[in-house]
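Descriptive structure summary
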Amino acid sequence: MDRVSAFDEPLKKLLGGATAKVMAEHLDLHTVGDLLHHYPRRYEERGRLTALTELPLDEHVTVVAQVADARIMMFNNGRGKRLEVTLTDGSGRLQLVFFGHGVHKPHKELLPGRRAMFAGKVSVFNRKMQLAHPTYQLLDARDEDAADVTEAVDAFAGQLLPIYPACKQLDSWRIAKAVDTVLPSAQEAVDPLPPALREGRGFVPLPEALLRIHRPQTKADIAAARDRLRWDEAFVLQVALARRRYADTQLPAVARGSVPDGLLDAFDATLPFTLTEGQQKVTEEIFDALATEHPMHRLLQGEVGSGKTLVALRAMLRVVDAGGQAAMLAPTEVLAQQHHRSITEMMGELAEGGMLGGSDLGTKVVLLTGSMGVAARRKALLDLVTGEAGIVIGTHALIEDKVQFHDLGLVVVDEQHRFGVEQRDALRSKGKQPPHLLVMTATPIPRTVAMTVFGDLETSVLDQLPAGRSPIASHVVPAKDKPHFLSRAWERVREEVENGHQAYVVCPRIGDDADEAAEKKGKAGKKQAAPEDDAEKRPPLAVLDIAGQLAKGPLAGLRVEVLHGRMPPDDKDDVMRRFAAGQADVLVATTVIEVGVNVPNATAMVIMDADRFGVSQLHQLRGRVGRGSAPGLCLLVSEAHEASPARARLSAVAATLDGFELSRIDLEQRREGDVLGQAQSGVRSSLRVLSVIDDEEVIAAAREEAVRVVADDPGLERLPELRTALDALLDKDREEYLDKG
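Heads up: these notes are all about the structure in this document. (Residues numbered from 1 in each chain as written. Predicted model: local features only at pLDDT ≥ 70, side-chain atom pairs only at ≥ 80, totals over all residues. Heavy atoms only, no water.)

1. Remarks on the overall build of the chain
Using the following cut-off: Where helices and strands are cited, they refer to DSSP runs of H or I of at least four residues and of E of at least two residues respectively, numbered from the N terminus. Between buried and exposed lies partly exposed: a residue is buried under 20% and exposed over 50% of the maximum accessible area for its type, with that area taken using a 1.4 Å probe on protein chains only. In these tables, accessible area is a Shrake-Rupley quantity obtained with a 1.4 Å probe, and a residue counts as shielded only by the protein chains included in the view.
Counting its regular elements, the chain contains 28 helices and 21 strands. In the chain, which comprises 741 residues, the proportion classed as buried is 53%. With an accessible surface of roughly 33100 Å², the chain has 51% of that area assigned to carbon and sulfur atoms.

Next up, the structure:
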């Protein structure tokens, strides 16, 4: 058997059909290589008892403990019987319960004093933690002599038992037995690290690392194995990204240098403020990249309200000056319309120009969305193909075949995470040569994630807010425990309106027929996730319901408008215009207002069922207020229990306005998983030991090494083992996800 095929061997061959089926369906493990890379989550020392006091409710756990007591209980007038076993570990106690025919074997084996490993789901019965019908494995051979018992326990002490990520159908020790079966294949592991790198950093060889992580003799074995495997993951991923960046530098692009006394200079002369230091620094980085003959691939991330749109507009004007066109791709019609409105307002008469390259400095700024009328659409398409429009702002309608450009020089993608690879590539392919690319996100990304998820893009960060932005006070409103707090929230909204300001009320759901149908379908289909508390059991609050209740109740007499994604586009635009013009007091909306909506007079936001939103999303929403000179107020309304994780999330959002800090909390709370995005890429997690939260130094060092290796040998001709590891990482789906940037 050659070196590669040992790892590609299907598990079915070695473990049998039933076990292999469970592993495939529930753990996504299909081959020997998959199982060898399914590392233990932690290790138990057999002689050390697990802390029973720290068991999480409703989760599958494995505990090592001693039987303190076991008794058969009769019920149902003697017709039924159950075995109740009490475990102890010195810190606390845990009840086990077995019913019916399942009591015989444990009744014989689980005698007081015996020690075993137990696995099951933690539940509560009569206010006590318990495991019902756990599976177990005895650990020590019990002897009548107490001294012998101690000796037997001591023999186990110090032995490290691997505890694997398991599932209800397959316990940790069954996985351990399966690993024993395939472990000899670890000798066949193809080592992706170049020998000089491995020796220079003092790493153990890969076969040894696999052996040590699965069957360690000492804690030092585990540390050495983890160090090595963590590096493999970081390095292989960074090589993939470095190769992509290298390939991009080989593509041709039209350099878009500066043109003195052009459209950009004319625009800058009209600005009523000076750019922040951050905006100036980031603009220089972008302009330098635009002036090269290779396509720029840059990520611009900035705090909510840091002025990213202004930076992007100046880049677009620079390209128009240099004879090209710029396209801005927005994820929703509301946002495309908002960008079009704010850009034309910022440019004034410069947005009403004639032909490109003419003596008139101005250019046309056109909007292109799917819902435009035929005549307006035809005119916009004509302006693009003739070059009369230097700037186009649109939704995915920009991507359609009919859309042709005179000379597309720059693509700006707003809120990148909402676009798939096909959409971005389709737009880029409309250039005669690959256009420059600027990707913008208002979701702050920790440096390590930027180096991994967005690792094929150079990064610019705007972390400074422009002068004049007001602070935003945020508070959690516990609607269930303290209903009077919610009443006070509506009073605060009224006060803001009476002071001449406006407010948003955000709900998770629309509440129309399509909403209801989707909900029924969801309930009838797959089983719902376990709710965190009672608040989760009811449907999320809906825009249409809340708007009606507010207009008749606490906000009666105020001008309350509604905005959501399923309204006709003209209606949406009309509502936004009226709100922006101050003709409405309160806008009750879904997250359609999450990004880009800019109404400086809006000072208050009430987010209903705030616990239904993610941390970063709440931060985005909050950024819609406090955009003028008056301070902002954000009230996070929740019925979640005070001790729940949901409330902890809300408290974190209320405690800081630092988006980077919140993105870190968000990452930790989502348990990070696969930073390449399991949900987006639809493939197995590739990061098993590497943590994008804790391993910043490893990722940064791996990135440096990867750049050096790729610069020296772009095709990895001299490193066939590394190429093999890359092929395993970059199956088609994952490669596409990397393409997304």
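The structure having been displayed, the exposition proceeds.
2. Section: the nonpolar core
Keep this limit in mind: Buried Ala, Val, Leu, Ile, Met, Phe, Trp, Tyr and Cys residues that are joined via side-chain atoms within 4.5 Å together make up what is termed a nonpolar core. Contacts between residues were defined by any pair of non-hydrogen atoms, one from each residue, lying within 4.5 Å.
With 40 residues, the main nonpolar core has Ile286, Met316, Met347, Ile391, Leu410 and Leu438 as its most contacted residues. The element that contributes the greatest number of residues to this core is helix H13 (residues 308–321), accounting for nine residues. If we ignore the near neighbours within four places in the chain, the residues touching Ile391 are Leu313, Met316, Leu317, Val320, Ala326, Met347, Lys364, Val365 and Val366. Counting residues in each nonpolar core, the second largest holds 34 residues, with Leu11, Leu29, Ala209 and Leu229 among its members.

3. Points about the packing of aromatic side chains
Applicable threshold: Only rings of Phe, Tyr and Trp enter the pairing, Trp through its six-membered ring, and a pair is recorded when the two centres are within 6.5 Å. The plane angle decides the type: under 30 degrees is stacked, over 60 is edge-to-face, the rest tilted.
Considering all chains together, one arrives at six aromatic pairs under this definition. Their ring planes at 40 degrees and their centres at 6.0 Å tell us that Phe118 and Tyr136 sit as a pair that is tilted. With Phe118 in strand S5 (residues 115–125) and Tyr136 in strand S7 (residues 135–138), this pair connects stretches of sequence that are 18 residues apart. Both residues of the pair, Phe118 and Tyr136, belong to the buried class. When the centroid spacing of 6.1 Å and the interplanar angle of 35 degrees are considered together, the rings of Trp231 and Phe235 count as tilted.

4. Structural notes on the sheet that holds strand S20 (residues 602–607)
We count it as follows: In this description, strands pair whenever DSSP reports at least two bridges between them. Here the axes come from fitting lines to C-alpha atoms, over the contacting stretch only for helices, and the angles between their N-to-C directions go from 0 to 180 degrees.
Across the sheet, six strands lie side by side as S16-S21-S20-S17-S19-S18; this open sheet has parallel pairing. Of all the strands in the sheet, the pair left with one neighbour each is strand S16 (472–478) and strand S18 (560–563). In this sheet, adjacent strand axes meet at a mean angle of 20 degrees when their direction is disregarded. Across four bridges, the pairing between S18 and strand S19 (residues 586–589) is parallel. By the bridge assignment for S19, Leu563 is matched with Ala589. Taken strand by strand, helix H21 (residues 569–580) contacts strand S17 (502–506), S18, S19 and S20, and its axis lies near 140 degrees from that of S18.

5. Here we look at helix H20 (residues 543–552)
For clarity, the cut-off: Along the arc lie the directions from the helix axis toward the C-beta atoms.
Residues of H20 that are buried: Val543, Ile546, Ala547 and Leu550. Relative to the axis of H20, the buried residues are bounded by an arc of 100 degrees and lie together on one face. Where H20 is buried, its residues touch helix H18 (483–498), S17, S18 and S19.

6. Section: unusual backbone geometry
If you check the backbone angles, Asn126 has positive phi at about 50 degrees while not being a glycine. According to the relative accessible area criterion, Asn126 is exposed, its value standing at 62%. Of note in the backbone geometry, Leu716 takes a positive phi value of approximately 55 degrees without being a glycine. Position of Leu716 among the secondary structure elements: in the loop between helix H26 (696–712) and helix H27 (720–729).

7. Describing H27
The α-helix winds at 3.6 residues per turn, so residues separated by three or four positions along the chain end up facing the same way. All buried positions along H27 are accounted for by Leu722, Ala725, Leu726 and Leu729. Buried residues in H27, looked at end-on, bunch into an arc of 100 degrees, giving them a common side. Seen from the buried face of H27, the exposed residues on the opposite side, beyond 90 degrees, are Asp727 and Ala728.

8. A short note on the pattern of salt bridges
Operational definition: By definition here, a salt bridge exists when the distance from a side-chain nitrogen of Lys or Arg to a carboxyl oxygen of Asp or Glu is within 4 Å.
The tally for this structure, following the rule as stated, stands at 34 salt bridges. Across the salt bridge formed by Arg198 and Asp191, the nearest N and O atoms sit 3.1 Å from each other. As far as the burial class goes, Arg198 and Asp191 line up, both buried. One connected set of salt bridges, linked through shared partners, spans Arg488, Glu491, Arg492, Glu495 and Glu496.

9. Here's the deal with a nonpolar patch on the surface
Cut-off, in case you're wondering: Note on patches: the residues involved have over 30% relative accessible area and no salt bridge, like charges join within 9 Å, and the nonpolar side chains Val, Leu, Ile, Met, Phe, Trp and Tyr join within 5 Å.
On the surface, Leu57, Val124 and Met129 cluster together into a nonpolar patch covering about 240 Å² of accessible area. Secondary-structure assignment places Leu57 in the loop between strand S1 (42–45) and strand S2 (60–75). Looking at Leu57, the relative accessible area reads 45%, which means it is partly exposed.

10. A short note on the environment of Lys13
Tracing the backbone through its elements, the reader meets Lys13 in helix H2 (residues 11–15). With relative accessibility at 67%, the residue Lys13 sits in the exposed group. The spacing of Lys13 and Thr31 is 18 residues in sequence and 9.5 Å in space, taken between C-alpha atoms.

11. Things to note about the packing of helix H22 (residues 615–622) against helix H23 (residues 645–655)
Stated formally: Any angle that falls under 35 degrees is termed roughly parallel, while one over 145 is termed roughly antiparallel, one within 65 to 115 roughly perpendicular, and all others oblique. By the definition used in this description, the sense in which the near helix is turned from the far one sets the handedness, with an anticlockwise turn below a right angle giving left-handed and a clockwise turn giving right-handed. Amino acids outside the nonpolar list (Ala, Val, Leu, Ile, Met, Phe, Trp, Tyr, Cys, Pro) and the charged list (Asp, Glu, Lys, Arg) are all regarded as polar, and Gly is one of them.
Two elements in contact, H22 and H23, have axes separated by 10 Å at closest approach and are oriented at 40 degrees. Judged by the inter-axis angle, H22 sits oblique to H23. Handedness of the H22/H23 crossing: right-handed. Counting all contacts with H22, which are made through Val615, Leu618 and Arg622, the residues of H23 involved are Arg649, Leu650, Val653 and Ala654. Of the residues assigned to the contact of H22 with H23, the class counts are five nonpolar, no polar and two charged.

Purely spatial values, then, with no claim about function.
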